[in-house]
2 protein chains.
Amino acid sequence: MEGYGRFLALLASALLAGFVSVIFSLVWVFHYREGLSWDGSAREFNWHPVLVVTGFVFIQGIAIIVYRLPWTWKCSKLLMKFIHAGLNTIAMILAIVSMVAVFEYHNARNIPNMYSLHSWIGLAAVIFYSLQLFLGFAVFLLPFAPVPLRAAFMPIHVYLGLTIFATVIATALMGITEKLIFSLKNPAYSASPPEATLVNCLGLLLVIFGALILWMASRPHWKRPPEENAKLLQPIGETPEGTEAESTMTDGSNADKSDLRTNSEAARKQNLKLDEAGQRSTM
Amino acid sequence: MEGYGRFLALLASALLAGFVSVIFSLVWVFHYREGLSWDGSAREFNWHPVLVVTGFVFIQGIAIIVYRLPWTWKCSKLLMKFIHAGLNTIAMILAIVSMVAVFEYHNARNIPNMYSLHSWIGLAAVIFYSLQLFLGFAVFLLPFAPVPLRAAFMPIHVYLGLTIFATVIATALMGITEKLIFSLKNPAYSASPPEATLVNCLGLLLVIFGALILWMASRPHWKRPPEENAKLLQPIGETPEGTEAESTMTDGSNADKSDLRTNSEAARKQNLKLDEAGQRSTM
């Protein structure tokens, strides 16, 4: 891997930022708020920031870059797809539970639901995320989708994944803003009490975590190398370096090259044949 | 241009979303708030959302995709660089004026400055944006930077540009959240008065505008074709189609191919010679 040391340093920074974010969210709810429980009280609401930071930001971020960890390149692509889908499924479940916590808290206190921009964009993000997971499963994990469909869907899958991830972080920042304004009264948010400083720093950490994940996910030279059968199917004269140049943030940060290589009709037909035979690792 | 119709449809949608966002920000301050003036009152604050939406979101978004408009491909790269830098300069000035409006409003009312997450991330975005503009000017417009430096800086420039753009939209969403909570009292934000619905829709439009710009900026086949001299310098056997595959969201949505082509030592040296002679369009 080119720039292995730099990749490791960025990965360590991202893990640190993500890990400290989770710690900050726990310090927030346990030290400054009422802690956690599931009883319709403010303690139930507190699951919302903890689960969003842990699942919808941190685990989603790791799911995005999991194909790029060089020590996974020995593992089969199928296994990596299951890990990618599995992490995203965990993140989705935590995001849904985090929403249920807010709805139950609101209902217990007769606070209206779904009035704020935070709730509008947050709900849209969860819906798009679930749709993305369902379509990703149907197109890339199940063996039914033809190769041209996979190739056509891959750039959309990658773009949607990164855009939803950025939107989730933006929504978390709105949520932090709302919660600090509503809950800090004496002293108010504008007086910058220690809780406000801690939670502002949590927001900054989320932005740094997101920026690091987006950088790592979009370097073409850190992409998982093509599968062996994809290498064999390479058109004559196309070097592995040449194909690596195809890798774009938008064309497949988590794409198997064999999903994408459709520019050679012969290779495409051979892929289709392998598809039918169930020989490709993507099945 | 491949997919010209689709590009035009997306461009029209982005322009519509951006234009309606500006209209919504004006309706907000003129119909629901006190209008605009420069006297330390709430009317001075109102410049903040109007200038951010117009300059820091809409104009910045257009600046990002200006190289991709196919009817500009006949224009020299130098002219396009000036337009790109010029639009970004206008956006930066409007962003700074919008911040001054808030500081003056706060100071006139003895409201503390820089306590909220919105203000922290907003100020960081303006600083990074100004730095990005300054470095972009020094590296890509002035004739002093050597080609290897330009090639090394280009992916960082593109990544930073898109990340700052996304961060600016996230900051605007936080600002909308803050302002609606602070200013809607009777009825409150939670009662969803018409003003809240209008401004929530403004927030949604900003997200849609951002998503459209990021999609257009990251399609490799919509990249400005390489300059004539870059074509001449192409290593033998590398087709224009092959080089187009190099285009990534991260490697140069606004890069002249001649800035990037360093894989051939001969081409690099020739570029350097052209640099010295001031013959390249990027000077």
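Predicted model, so just to flag it, every value in this text is computed and none were measured. (Residues numbered from 1 in each chain as written. Chains lettered and ligands numbered in written order. Predicted model: local features only at pLDDT ≥ 70, side-chain atom pairs only at ≥ 80, totals over all residues. Heavy atoms only, no water.)

Colleague: Would you mind showing me how to read the overall build of chain A here?
Modeller: Scanning chain A for helices and strands turns up 12 helices and 0 strands. Listed by position from the N terminus, the elements making up chain A come as α-α-α-α-α-α-α-α-α-α-α-α. Within chain A, buried positions represent 57% of all 283 residues. Considering only intrachain contacts with a sequence separation of at least 6, the fraction spanning at least 24 residues in chain A is 75%. Carbon and sulfur atoms make up 70% of the accessible area of chain A, which totals about 11,500 Å². (Helix = DSSP H or I, 4+ residues; strand = E, 2+ residues; numbered from the N terminus. Buried < 20%, exposed > 50% of the residue type's maximum accessible area, 1.4 Å probe, protein only. Contact = heavy atoms within 4.5 Å. Areas by Shrake-Rupley, 256 points an atom, 1.4 Å probe, with all protein chains shown as cover.)

Colleague: Before we go on, may I ask you to explain the interface of chain A and chain B in this structure?
Modeller: Accessible area lost when the parts come together is the quantity often used to give the size of an interface. With 41 residues of chain A at the contact, the number on the chain B side is 41 residues. Roughly 3,500 Å² is buried in total at the junction of chain A and chain B, and carbon and sulfur atoms are behind 76% of that figure. Counting every contact that joins chain A to chain B gives 0 salt bridges. On inspection of chain A and its partner chain B, the count reaches 8 residue pairs in polar contact (both at pLDDT 80 or more). Considering each element in turn, the side of chain A that touches chain B owes the most residues, 12 residues, to helix 6 (residues 147-183) of chain A. A per-class count over the side of chain A that touches chain B returns 25 nonpolar, 12 polar and 4 charged. (Buried area = accessible area lost by both parts, 1.4 Å probe. Salt bridge = Lys/Arg side-chain N within 4 Å of Asp/Glu carboxyl O. Polar contact = N/O pair within 3.5 Å; in protein donor to acceptor, adjacent residues only side chain to side chain. Nonpolar A, V, L, I, M, F, W, Y, C, P; charged D, E, K, R; others polar.)

Colleague: Would you explain the packing of aromatic side chains in this entry?
Modeller: The relative placement of two aromatic rings is captured by the distance of their centres and the angle of their planes. All names here are of chain A. Summed over all chains, the structure comprises 16 aromatic pairs over all chains. By way of ring pairs, the aromatic residues Phe 58, Phe 165 and Phe 209 are connected into one cluster. When the ring centre of Trp 215 is taken as reference, the NZ or CZ atom of Arg 219 above it lies at 3.5 Å. (Phe/Tyr/Trp six-rings, centres within 6.5 Å; stacked < 30°, edge-to-face > 60°. Lys NZ or Arg CZ within 6 Å of the ring centre and 35° of its normal.)

Colleague: In this structure, what is going on with a nonpolar patch on the surface? I would like to understand it.
Modeller: Residue and element names in this part refer to chain A. Together, Trp 38, Ile 93, Ile 96, Val 97 and Val 100 make up a nonpolar patch on the protein surface, roughly 390 Å² of accessible area in all. Within the secondary structure, Val 100 is located in helix 4 (residues 77-109). Judged by its relative accessible area of 34%, Val 100 falls in the partly exposed class. (Patch = residues over 30% accessible without salt bridge, like charges linked within 9 Å, V, L, I, M, F, W, Y side chains within 5 Å.)

Colleague: What exactly am I supposed to notice about the nonpolar core here?
Modeller: A general trend in soluble globular proteins is that nonpolar side chains are found buried together. A:Met216 and B:Met216 are the most contacted members of the largest nonpolar core, which totals 130 residues. When sequence neighbours within four positions are dropped, the list of residues in contact with A:Met216 reads A:Phe7, A:Leu10, A:Leu11, A:Ala14, A:Ile65, A:Arg68 and A:Trp222. (Core = buried A, V, L, I, M, F, W, Y, C linked by side-chain atoms within 4.5 Å.)

Colleague: Looking at this structure, I do not really get the UniProt feature "transmembrane region" (unreviewed entry) in chain A. What am I missing?
Modeller: UniProt tags residues 7-30, 50-70, 82-103, 123-144, 156-176 and 196-217 of chain A as "transmembrane region" (unreviewed entry). The distance separating the terminal C-alpha atoms of residues 7-30 of chain A is 34 Å; by composition the span is 100% helix and 0% strand. (UniProt positions renumbered as here; feature names shortened; annotations may be inferred.)

Colleague: Would you mind going over the relation of the copies chain A and chain B with me for this structure?
Modeller: Copies of the same chain, two in number, are related to each other by a rotation about an axis and a translation along it. Superposing chain A onto chain B takes a rotation of 180° combined with a translation of 0.0 Å along the rotation axis, leaving an RMSD of 0.0 Å. Here the transformation between the copies is reduced to the relation of a two-fold axis. A shared interface surface links the copies, since 100% of the contact residues of chain A are contact residues in chain B too. (Least-squares fit on C-alpha atoms with pLDDT ≥ 70 in both.)

Colleague: Would you mind going over the pattern of salt bridges with me for this structure?
Modeller: Opposite charge on two side chains permits them to pair, given that their charged atoms come into close proximity. What the rule picks out here adds up to 4 salt bridges over all chains. Of the charged contacts in the structure, one is a salt bridge between A:Asp39 and A:Arg43, with a shortest N-O distance of 2.8 Å. For B:Glu195, the salt bridge goes to B:Arg33, with nearest N and O atoms at 2.9 Å. With B:Glu195 in helix 7 (residues 194-217) and B:Arg33 in the loop between helix 1 (4-32) and helix 2 (42-45), this residue pair connects regions lying 162 residues apart in the sequence. Residue B:Arg33 is classed as buried on the basis of its relative accessible area, which comes to 19%.

Colleague: What am I meant to see in the side chain of B:Ser116 here?
Modeller: Along the chain, B:Ser116 falls in the loop between helix 4 (77-109) and helix 5 (117-141). Separated by 2.9 Å, the side chains of B:Ser116 and B:Glu178 make a polar contact. Other than its neighbours up to four places away in sequence, B:Ser116 contacts A:Tyr189, A:Asn200 and B:Glu178.

Colleague: When you look at helix 3 (residues 47-65) of chain A in this model, what are you seeing that I'm missing?
Modeller: Every α-helix winds through 3.6 residues per turn, so residues three or four apart in the chain are directed the same way. All names here are of chain A. Taking 1.5 Å of rise per residue, 19 residues should cover 27 Å, and helix 3 covers 26 Å from first to last C-alpha, within 8% of that figure. Of all the bends found along helix 3, the most pronounced is centred on Ile 59 and spans about 25°. Among the 19 residues of helix 3, 16 are classified as buried, and the element is accordingly described as predominantly covered. (Expected span 1.5 Å × (residues − 1). Bend = angle between axes of the 7 residues up to and from the residue.)

Colleague: Would you explain the packing of helix 3 (residues 47-65) of chain B against helix 4 of chain B in this entry?
Modeller: Think of two packed helices as two axes; the pair is described by the angle between the axes and how far apart they sit. Residue and element names in this part refer to chain B. Between helix 3 and helix 4, the least distance of the axes is 8 Å, while the angle of their chain directions is 165°. Relative to helix 4, the element helix 3 lies roughly antiparallel. With respect to the hand of their crossing, helix 3 and helix 4 are arranged in left-handed fashion. Residues Trp 47, His 48, Leu 51, Val 52, Gly 55, Phe 56, Ile 59, Gln 60, Ile 62, Ala 63 and Ile 64 of helix 3 pack against His 84, Leu 87, Asn 88, Ile 90, Ala 91, Leu 94, Ala 95, Val 97, Ser 98, Met 99, Ala 101 and Val 102 of helix 4. Among the residues forming the contact of helix 3 with helix 4, the class breakdown is 17 nonpolar, 6 polar and no charged. (Axes fitted to C-alpha atoms, helices over the stretch in contact; angles between N-to-C directions. Parallel < 35°, antiparallel > 145°, perpendicular 65-115°, else oblique. Left-handed = near helix turned anticlockwise from the far one by under 90°.)

Colleague: I tried to follow the packing of helix 5 (residues 117-141) of chain A against helix 6 of chain A on my own but got confused; where do I start?
Modeller: Residue and element names in this part refer to chain A. One way to put it is that helix 5 packs onto helix 6 with a least axis distance of 9 Å and a crossing angle of 155°. When the axes of helix 5 and helix 6 are compared, the pair comes out roughly antiparallel. Crossing geometry of helix 5 relative to helix 6 is assigned as left-handed. Of the residues that constitute the contact of helix 5 with helix 6, the class distribution is 14 nonpolar, 9 polar and 2 charged.

Colleague: Hey, could you run me through unusual backbone geometry in this one?
Modeller: Note: most peptide bonds trans; most residues except glycine with negative phi. Residues A:Asn186 and A:Pro187 are joined by a peptide bond in cis, for which omega reads 5°. In this structure, B:Asn110 takes a positive phi of about 55° despite not being glycine. Examined against the element boundaries, B:Asn110 turns out to sit in the loop between helix 4 and helix 5. The backbone of B:Met114 sits at a positive phi, close to 60°, despite the residue not being glycine. Mapped onto the elements, B:Met114 comes out in the loop between helix 4 and helix 5.

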